Amino acid sequence: MESIGLTQTPGEINSVALPLAALHSAIRRRGVAAMDGGQPGEVRAEHAGRCIVVRLSGGKWVSPVDGGGRTAPIGREGEEDSLARWIAGELLGRV
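**Q** How would you explain the nonpolar core if you had to name every residue and give the values?
**A** By size, the foremost hydrophobic cluster in this structure holds 17 residues, and its most contacted members are Leu 23, Ile 27, Val 43, Val 54, Trp 61 and Ile 87. Elements represented by at least two residues in this core include exactly helix H1 (17–29), strand S2 (42–47), strand S3 (50–57) and helix H2 (80–92). If one sorts the elements of this core by residue count, H2 sits on top with 5 residues. Those residues in contact with Val 54 that lie beyond four places of it in its chain are Leu 23, Gly 41, Glu 42, Val 43, Trp 61, Val 62, Ser 63, Ile 74, Leu 83 and Ile 87.

Following this line, the structure appears as C-alpha coordinates:
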(Lines give C-alpha, C1' and ligand atoms only; values in the text may rest on other atoms or scores of the structure.)
Protein backbone atom coordinates (compact mmCIF):
# COMPACT_ATOMS: atom_id res chain seq x y z
CA MET A 1 0.00 0.00 0.00
CA GLU A 2 1.30 3.48 -0.84
CA SER A 3 2.22 5.79 1.98
CA ILE A 4 0.10 8.91 2.40
CA GLY A 5 1.94 10.39 5.34
CA LEU A 6 0.12 8.37 8.01
CA THR A 7 3.20 7.08 9.83
CA GLN A 8 2.06 8.03 13.32
CA THR A 9 0.13 5.81 15.67
CA PRO A 10 -3.64 6.42 15.64
CA GLY A 11 -3.50 8.73 18.65
CA GLU A 12 -0.68 10.81 17.14
CA ILE A 13 -1.93 11.55 13.61
CA ASN A 14 -1.06 15.17 12.97
CA SER A 15 -3.30 17.76 11.40
CA VAL A 16 -1.49 17.53 8.05
CA ALA A 17 -2.18 13.81 7.52
CA LEU A 18 -5.95 14.16 7.15
CA PRO A 19 -5.93 16.82 4.39
CA LEU A 20 -3.21 14.82 2.60
CA ALA A 21 -5.34 11.68 2.74
CA ALA A 22 -8.39 13.64 1.56
CA LEU A 23 -6.49 15.05 -1.43
CA HIS A 24 -5.02 11.63 -2.32
CA SER A 25 -8.52 10.14 -2.28
CA ALA A 26 -10.12 12.97 -4.26
CA ILE A 27 -7.43 12.81 -6.96
CA ARG A 28 -7.68 9.02 -7.27
CA ARG A 29 -11.48 9.19 -7.59
CA ARG A 30 -10.89 11.21 -10.75
CA GLY A 31 -8.70 8.51 -12.30
CA VAL A 32 -5.33 10.16 -11.67
CA ALA A 33 -2.42 8.56 -9.78
CA ALA A 34 -1.62 10.28 -6.48
CA MET A 35 1.38 9.68 -4.23
CA ASP A 36 3.47 11.39 -1.58
CA GLY A 37 5.75 14.11 -2.90
CA GLY A 38 9.44 14.48 -2.11
CA GLN A 39 8.90 16.64 0.99
CA PRO A 40 6.57 16.32 3.98
CA GLY A 41 3.12 17.71 3.22
CA GLU A 42 3.45 17.25 -0.55
CA VAL A 43 1.15 15.36 -2.90
CA ARG A 44 2.27 14.41 -6.40
CA ALA A 45 -0.31 13.66 -9.10
CA GLU A 46 0.72 12.03 -12.38
CA HIS A 47 -0.99 11.09 -15.63
CA ALA A 48 0.44 10.30 -19.07
CA GLY A 49 3.90 11.60 -18.22
CA ARG A 50 2.62 14.88 -16.78
CA CYS A 51 2.99 15.77 -13.12
CA ILE A 52 1.67 18.36 -10.65
CA VAL A 53 3.06 18.71 -7.13
CA VAL A 54 1.20 20.61 -4.43
CA ARG A 55 2.10 21.16 -0.77
CA LEU A 56 0.08 22.08 2.29
CA SER A 57 1.68 25.06 3.98
CA GLY A 58 0.09 27.29 6.58
CA GLY A 59 -3.45 26.11 5.86
CA LYS A 60 -3.07 26.73 2.11
CA TRP A 61 -2.29 24.41 -0.78
CA VAL A 62 0.61 25.85 -2.78
CA SER A 63 2.33 24.86 -6.00
CA PRO A 64 5.96 25.56 -6.99
CA VAL A 65 6.32 28.41 -9.48
CA ASP A 66 9.98 27.96 -10.38
CA GLY A 67 13.13 26.26 -9.14
CA GLY A 68 13.91 29.15 -6.81
CA GLY A 69 11.57 28.01 -4.04
CA ARG A 70 8.73 30.41 -4.92
CA THR A 71 5.20 29.08 -4.61
CA ALA A 72 1.73 30.22 -5.60
CA PRO A 73 -1.35 29.56 -3.46
CA ILE A 74 -3.88 27.41 -5.33
CA GLY A 75 -6.37 26.42 -2.63
CA ARG A 76 -7.21 26.34 1.05
CA GLU A 77 -7.15 23.45 3.45
CA GLY A 78 -10.60 21.88 3.48
CA GLU A 79 -11.10 22.46 -0.26
CA GLU A 80 -9.37 19.25 -1.34
CA ASP A 81 -12.22 18.16 -3.64
CA SER A 82 -12.12 21.34 -5.74
CA LEU A 83 -8.30 21.21 -5.80
CA ALA A 84 -8.43 17.60 -7.03
CA ARG A 85 -10.91 18.65 -9.74
CA TRP A 86 -8.48 21.36 -10.90
CA ILE A 87 -5.49 18.97 -10.82
CA ALA A 88 -7.36 16.31 -12.79
CA GLY A 89 -8.47 18.91 -15.34
CA GLU A 90 -4.90 20.08 -15.85
CA LEU A 91 -3.51 16.59 -16.20
CA LEU A 92 -6.31 15.11 -18.29
CA GLY A 93 -6.67 18.17 -20.52
CA ARG A 94 -10.25 18.94 -19.53
CA VAL A 95 -11.66 22.37 -18.79
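**Q** Lay out the environment of His 47 with the relevant residues and their values.
**A** Note that His 47 resides in strand S2. Residue His 47 is classed as partly exposed on the basis of its relative accessible area, which comes to 30%. Along the sequence, His 47 and Ala 33 sit 14 residues apart, while their C-alpha atoms lie 6.5 Å from each other.

**Q** Explain the pattern of salt bridges to me, and be specific about the residues and the numbers.
**A** A side chain with one charge may pair with a side chain of the opposite charge, provided their charged atoms come close. Counting across every chain of the model gives 6 salt bridges. The salt bridge involving Asp 81 is made with Arg 29; its shortest N-O contact spans 3.0 Å. One end of the pair, Asp 81, is in helix H2; the other, Arg 29, is in helix H1, and 52 residues separate them in sequence. Exposure remark for Arg 29: the relative accessible area of 57% places this residue in the exposed category. Between Arg 76 and Glu 79 there is a salt bridge, and its shortest N-O distance comes to 3.8 Å. Shared partners join several salt bridges into a network, and the residues in it are Arg 29, Arg 30, Asp 81 and Arg 85.

Parameters and conventions
Residues numbered from 1 in each chain as written. Predicted model: local features only at pLDDT ≥ 70, side-chain atom pairs only at ≥ 80, totals over all residues. Heavy atoms only, no water. Core = buried A, V, L, I, M, F, W, Y, C linked by side-chain atoms within 4.5 Å. Buried < 20%, exposed > 50% of the residue type's maximum accessible area, 1.4 Å probe, protein only. Helix = DSSP H or I, 4+ residues; strand = E, 2+ residues; numbered from the N terminus. Contact = heavy atoms within 4.5 Å. Salt bridge = Lys/Arg side-chain N within 4 Å of Asp/Glu carboxyl O.

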